[in-house]
Structures are given as C-alpha cells and as structure tokens.
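# Structure assessment
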Amino acid sequence: MRVDRHESRESICELLGDVQERAARFLESLPERRVTAARGADDLAQALGGALPRLGRPASEILAQLDEIGSQGTVASAGPRYFGFVTGGAVPASLAANWLAAVWDQNSFSEVSSPIGAAVESVALQWVLELLGLPATSGAAFVTGATMANFAALAAARRSVLLAHGYDVDRAGLHGAPAITLVAGEQAHATLFKAFGMLGLGREQAVRVPADAQGRMRADALPKIAGPAIVCTQVGNVNSGAFDPVGAICDAVRRDDVWVHVDGAFGLWARASRKFGALAAGVERADSWATDAHKWLNVPYDSGVAIVRDADALRCAMSLEAAYLPEGLGREPFDYTPESSRRARGLEIWAAIASLGREGVAELVERTCRHARRFAEGLREAGCEVLNDVVLNQVLVSFGDDRTTSEVIRRVQRDGTCWCGGTRWDGRTAMRISVSSWATTSDDIERSLAAILGVVGGVARKQG
C-alpha cells in the first residue's frame, strides 16, 4: 500500500506513541515481574516464524505481535533483581538518549555524516578518561563491548611492539613478522583469547601466569619476557572481582617493546570511587585499557570503550583510507574504531554521565558493592559458604557439593524472584552473584536473599 509523506508522518507518530505506552508498561512491570523469561527460544521462533511473507503488514500490527509474543521471551535483566553476567540496567537518561539516537538514526562514523555524533563522542570520551583517572591525551573509541575494546587496543599493541623491531604489521601482515610473546593471567577472561585469535596472534599462544587464591595474576610468577611482547592484566575478575597488581606488573616488564594492557570490563569503573579506587592503583601506568559502559555505567547494550595511551597507535591501527572519505581537521571517529558505519552510542554514555555526574557514578559503584557485601553476609549467616573475598560487587557461594549447588542455581532461576548464574571456581561449582544495576535497592537484596535461602531449605529437605 502506498502512502504520501503526510500520512506516513502521522502513522509514525502514532506508532511511536504506541511504542511509548508499551515500553512504559514493560518498565513499570520490572520491579515485580519474574526475572526468568516465560517462553523459550524455540517456542518464540515458531510463534514469530513461518513462511517468508509475500506481502507486508501494517507496522502497528507488527509492533503489537512483537510486544505480545516477544516480551514473553525477555529476561528482566533491566530490572532490579538480575544478578547474572555482570549486567547493568539503563539509567533513565541513557535509555531516553538511546531512543532519541534511534530516531535521529545517525551514522556516527564521521563529523560530516553526523556533527552531533562526533561532538558528543569527543566530549563523552574526555569525561570517561577523567572519571577513570586515565591520561587525558589518550586515544579512545566507542565500540560494541569489551571484546571489541580488547581487540582494538591489542591491535594498537601489536602494531607498536612490532614497530619497535622495525616491522610494520599493518602494511606487511603477520607473515614474516617477529614472533610476539603473549602473557596473560591464569584467570584472564575468555574474550581476551578471542581477541588474540581475531588478531592472528593465536588463542593458545599466551604464556599463562599463575594466579593467587582470589584469581589475581602473581607479579612474582611472571616469566622473563623478551620483546616484542604484550602482557594482559585484569581488573575485576569476572568471578571474584579481584584486581591484578597492575603497577607491580608494569614495574616488572617495562620496556619499549613490551606493552601492558588492562582488561577492565567492569572493574575499571572502581576508579570512579574514592572508596574502591585503591584496588586499581597503578592501572594508569598501563599502555591500554578496555571497558564496558553497559555494565557499571548502566547504559543500554551494546557499548564498550577502547582506550590507548598513545593516541597515534590506536589511530594508525584503526584508520581508514578511501577517496570518498572526508579529510577533517579534527578527530574523525572512523579513525579510531574497528567499525566504519555505526550507531551513535556516544549519546547514551554522554547522557548517563551528565545525569549521574562524578559523584553519582561513584555512589552507584559504592552502593552496588554494599549490596554485594550484604548478600555475602546474609548467606554466611545462613550457613552457606562464600568462596571469595568480597572486595567489589561479586559474590561466589557454594551450597555444599557440586550437585547440590547446581540444583540450587537451577531452582533459583526457575523461581524467578531473582536470577544468578553458575560458574566454576577453584575446582568447585559455585553460584555467581553480580550486583551491577542502578535499580537494585536494599529491599531487592533482602527479597532475593529470602528467595535463595528458601530454595536452599527446600533442596535440603528433599535430600534429607
């Protein structure tokens, strides 16, 4: 069916009004709804699938179907009692900015394609550097998440350490390049090794450094390193929340052809807090950093930040050349990211920081850490075994043997009051509780504790 522009504008306004009402109902339901999805992927695929449509349908009809069916397949990860995968929610200003960005539909790869995209990205990146206490002259870019942030930063590292040996990998490729020594902690995150693979460095080539009981890389166990080399550290162990001693590691390996990288997907945000910033002492001495904004900064998915001390190293590794591209006098976003065309995710980060301010970000970090300590305290008081030193927002707990712990996790997820995932820690099965959302209150913690302990009691009665 053909419509003129006037009719199209009217229908879009009506459709967005409908979206607003449906979105408001969903958001209002989050504090009380079950955290677990009501329907599984196979069931949803059948309900939404079928033969490829020959003719289209009205947008309002499609939206209604998507909301009525699709919402049943949503996990309430934006709500206050989701404690899985170190997932934040979305503070109101960042969610609203996300909507506005979608309406603007900016391709933020360049100042020419989107002046506001380039401008807000520049401002937001400087705010991020200031919040995290990292060098203000660093090069930085907004990417999809910590995986791509690690990738971009490590691409800069690869280029830099090989240039120190007279080899330009971006021009000549890896064939014939000097071998790069990769070093990572025993507890390094899996996405780091994915980045190694994408960069042609090899997922299985890293020298693995032993970790202590909390998962921290042991600086005293570092091998003797000859460059070119990249040493990957971690702040915020995804299980325990522990921090590698980055300053001591920098002392041990510092030289021109050895690069120190920090994977700080969530832990890097501890530097925004005076109370927890000391955990990341020395981090500012590294050469590059990767973090997520959709974790502790609580902006919508997908949003990460790659930061490199030597801005030229990042720009040269990521830059793009083509006859049709503009030659701007200022910073061009496409020179710093793996992607060219991309959405204006900088708007959401700018809005989140503008709404929270320095003190608000610090308070968010401190409040969620306080909630984690309350979780640990309540579980210990009930006789459960907390397996980690709760130094940040992560709690690992065992409910006995592996089978019992797995059963508790399964039942807690099925109960739906809250959602906590499972993991392996020191050879044991554990429940992992990650408190990251701005929306979580003390009442949510007490309600979740009661639900978990109710499940523990039920499992114990069944086994008894």
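Check the entry above for the structure.
Notes on the structure in this doc start here. All figures in this text were calculated on a predicted structure; none of them were measured in a lab. Throughout this document, residue positions are counted from 1 along each chain, in the order its sequence is written. Note on the predicted model: pLDDT of at least 70 is required for a residue's local features to be given, and 80 or more for side-chain atom pairs to be given and counted; whole-chain, interface and lining totals, by contrast, use all residues. Hydrogens are left out, water is left out, and the side-chain values use all remaining heavy atoms of the structure.

### Notes on helix α3 (residues 59-70)
Applicable threshold: Runs of E in the DSSP output that reach at least two residues are strands. Runs of H or I that reach at least four are helices, and both are numbered from the N terminus. Expected helix span is computed as 1.5 Å times (number of residues minus one). Any residue under 20% of the maximum accessible area for its type is buried, any over 50% is exposed, and the rest in between are partly exposed; the area is computed with a 1.4 Å probe on protein chains only.
Counted at 1.5 Å a residue, the expected span for α3 with its 12 residues is 16 Å, and the 15 Å between its end C-alpha atoms agrees. Among all positions of α3, only Leu63, Ala64, Ile69 and Gly70 are buried.

### Focus on the pattern of salt bridges
Any two side chains of opposite charge can pair, so long as their charged atoms come close to each other. Worth spelling out the cut-off: Should a side-chain nitrogen of Lys or Arg be within 4 Å of a carboxyl oxygen of Asp or Glu, the pair is scored as a salt bridge.
Inspection of every chain in the model, using the stated rule, returns 32 salt bridges. A salt bridge links Arg22 to Glu68; the shortest N-O distance between them is 4.0 Å. On the criterion of sequence distance, the pair formed by Arg22 in helix α1 (residues 5-29) and Glu68 in helix α3 is long-range, its members being 46 residues apart. When the shortest N-O distance is used, the salt bridge between Arg255 and Asp257 registers 2.7 Å.

### Thoughts on the packing of helix α12 (residues 402-415) against helix α13 (residues 442-463)
What counts, and what does not: To get an axis, a line is fitted to the C-alpha atoms, and for a helix only the part in contact is used. The angle between two axes follows their N-to-C directions and goes from 0 to 180 degrees. Reported orientations rely on four angle classes, namely roughly parallel under 35 degrees, roughly antiparallel over 145, roughly perpendicular from 65 to 115, and oblique for the rest. In a left-handed crossing the near helix is turned counterclockwise from the far helix by less than a right angle, and in a right-handed crossing that turn is clockwise. Two residues form a contact once any of their heavy atoms are found within 4.5 Å. The nonpolar class holds Ala, Val, Leu, Ile, Met, Phe, Trp, Tyr, Cys and Pro. Asp, Glu, Lys and Arg form the charged class, and all remaining residues, Gly among them, are polar.
In the contact formed by α12 and α13, the axes pass within 9 Å of each other and the chain directions differ by 130°. When the axis of α12 is compared with that of α13, the two are oblique. The handedness of the crossing between α12 and α13 is right-handed. Between α12, through Thr404, Glu407, Val408, Arg411, Val412 and Asp415, and α13, the contact on the second element is made entirely by Ala451, Ile452, Val455, Val456, Gly458, Val459, Lys462 and Gln463. Considered class by class, the residues forming the contact of α12 with α13 number seven nonpolar, three polar and four charged.

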